[in-house]
Amino acid sequence: MRVSEFRERPRATRVKRNAPPLKKQGRPKSAERSPELAIITGLSGSGKGSVLRALEDQGYYSVDNLPVDLIPKFAELVRDSASTRRAALVVDVREGAGLARFPAIFRKIRKSVNARLIFLEASDETIRRRFSETRRPHPLSTGEEQIGESIKKERGMLAPIRALADLVIDTSKFNVHDLRHFIGQKFAEDGDQSRIVIYVTSFGFRHGLPPDCDLVFDVRFLPNPNYIPKFKKLTGQNPAVAKYIRSFPQTGEFITRITDLLSYLMPHYIHEGKSYLTIGFGCTGGHHRSVMIADQIRKNLAAAGYQTRVTHRDAAKPV
């Protein structure tokens, strides 16, 4: 993925031109939910089954591969049911020629039901890898064409549906557990749908730039603990290494300035409908400076009430 995105339709929330400092995000007061229907669609291999199971864990009544002509009746049952207030279903190319009728059906049902369309996609490279790992054929494969042709064909078939989506999720950067974790946070019954999930990662420029970062910061201007023998085999998570990096005034100033920058950016990202942000901090090898900085920035964001996760891509690689 190139950060393109999770794309979600912007909400009617206005952000002041001068954003306030980082502050804790409040949780909305619980309210009785209106009936809700989540329809999951997207590319084969993009994780639709994982999302359906994650929603089922959140209490959604789940149906996989419901014929499109039955969707209006299913929507009526959800709307009128006293016990099933939230339901989710998957629609994809397994539907065959009937898939072409889905856009018109969806436009019609959302006039009477709180229906939300979630579209999953991933890069061609990621989809190829996933099909290779599972050794399953692509549903559009005839056995005579390369999988790349099947992916291209499927993207074309789904383009009109993608255009209707309320939420577009590129799952290229997620494994199964990360995706289910994200959906669990995004659709929790008492969750704030405007909350953003922030992924902070450290890396080494020696091993290449992470392809999925929205923002990348180079911390190679900080003194390198790698040249101190007792620190060489350690990482920035070691207290002695972290103390050494913090001993330089530019470290504290950098952390403060980056925190202030993110304080300004986050409300604007949320306003534009961004569901997650990936921030990368890079040093030479990804062992010391980037690790320490990434951990501290994550702590600052978490203290402000943001959902955060941190990974250290290259910390375990040989020095």
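Scroll up for the structure.
Residues numbered from 1 in each chain as written. Predicted model: local features only at pLDDT ≥ 70, side-chain atom pairs only at ≥ 80, totals over all residues. Heavy atoms only, no water.

K.L.:
So what exactly am I meant to see when it comes to the overall build of the chain here?
P.N.:
Per the secondary structure count, the chain includes 10 helices and 10 strands. Buried residues in the chain amount to 49% of all 319 residues. Accessible surface for the chain amounts to roughly 16,100 Å². Of this, 52% is attributable to carbon and sulfur atoms. (Helix = DSSP H or I, 4+ residues; strand = E, 2+ residues; numbered from the N terminus. Buried < 20%, exposed > 50% of the residue type's maximum accessible area, 1.4 Å probe, protein only. Areas by Shrake-Rupley, 256 points an atom, 1.4 Å probe, with all protein chains shown as cover.)

K.L.:
Whenever I open this one, unusual backbone geometry confuses me. Can you help?
P.N.:
Backbone phi values are negative for most residues with the exception of glycine, while trans is the configuration of most peptide bonds. A positive phi angle, close to 60°, is found at Asn65, a residue other than glycine. Tracing the backbone through its elements, the reader meets Asn65 in the loop between β3 (61-64) and α2 (71-80). Of note in this structure, Arg135 is not a glycine but carries a positive phi near 60°. Take Arg135: its relative accessible area is 78%, and that puts it in the exposed class.

K.L.:
Please explain the pattern of salt bridges as it appears in this structure.
P.N.:
Charged atoms that come close allow side chains of opposite charge to pair. For the coordinates displayed, the defined rule picks out 16 salt bridges. Among the ionic pairs, Asp80 bridges to Arg79, the shortest N-O distance being 3.0 Å. The exposure class of Arg79 is partly exposed, given its relative accessible area of 33%. It is possible to trace a salt-bridge network through shared partners that takes in Lys48, Asp64, Asp92 and Arg94. (Salt bridge = Lys/Arg side-chain N within 4 Å of Asp/Glu carboxyl O.)

K.L.:
How do you make sense of helix α10 (residues 289-303) when you look at a structure like this?
P.N.:
Residues three or four positions apart in an α-helix share a direction because the helix packs 3.6 residues into each turn. The end-to-end C-alpha distance of α10 is 21 Å, a good match for the 21 Å that 15 residues give at a rise of 1.5 Å each. Residues of α10 that are buried: Arg289, Ser290, Val291, Met292, Ile293, Ala294, Asp295, Gln296, Ile297 and Leu301. On its buried face, α10 is in contact with β7 (197-204), α8 (239-246), α9 (249-271), β9 (276-283) and β10 (307-312). Residue Gly305 follows α10 closely and has a positive phi angle near 100°. (Expected span 1.5 Å × (residues − 1). Contact = heavy atoms within 4.5 Å.)

K.L.:
Whenever I open this one, the nonpolar core confuses me. Can you help?
P.N.:
One broad rule of soluble globular proteins: the nonpolar side chains tend to lie buried together. The biggest cluster of nonpolar side chains holds 33 residues, and the ones touching the most others in it are Leu37, Ile39, Ile71, Leu89, Phe102 and Ile109. Going through the elements one at a time, β2 (36-42), α2, β4 (86-90), α3 (102-109), β5 (114-121), α4 (124-134) and α5 (147-162) are the ones with two or more residues in this core. Not counting residues within four places of it along the chain, the set of residues in contact with Ile109 comprises Leu37, Ile39, Ile71, Pro72, Ala75 and Ala115. Counting residues in each nonpolar core, the second largest holds 29 residues, with Leu215, Leu277, Ile293 and Ala294 among its members. (Core = buried A, V, L, I, M, F, W, Y, C linked by side-chain atoms within 4.5 Å.)

K.L.:
Can you walk me through the pairing of β5 in this structure?
P.N.:
Remember that side chains alternate between the two faces of the sheet whenever the strand is regular. Within β5, 7 of the 8 residues are buried, which leaves it mostly tucked inside the rest of the structure. Sheet analysis places β5 next to strand β6 (residues 167-170), joined by 4 bridges and oriented parallel. Counterpart to Phe119 in the pairing with β6 is Val168. (Pairing = 2+ DSSP bridges.)

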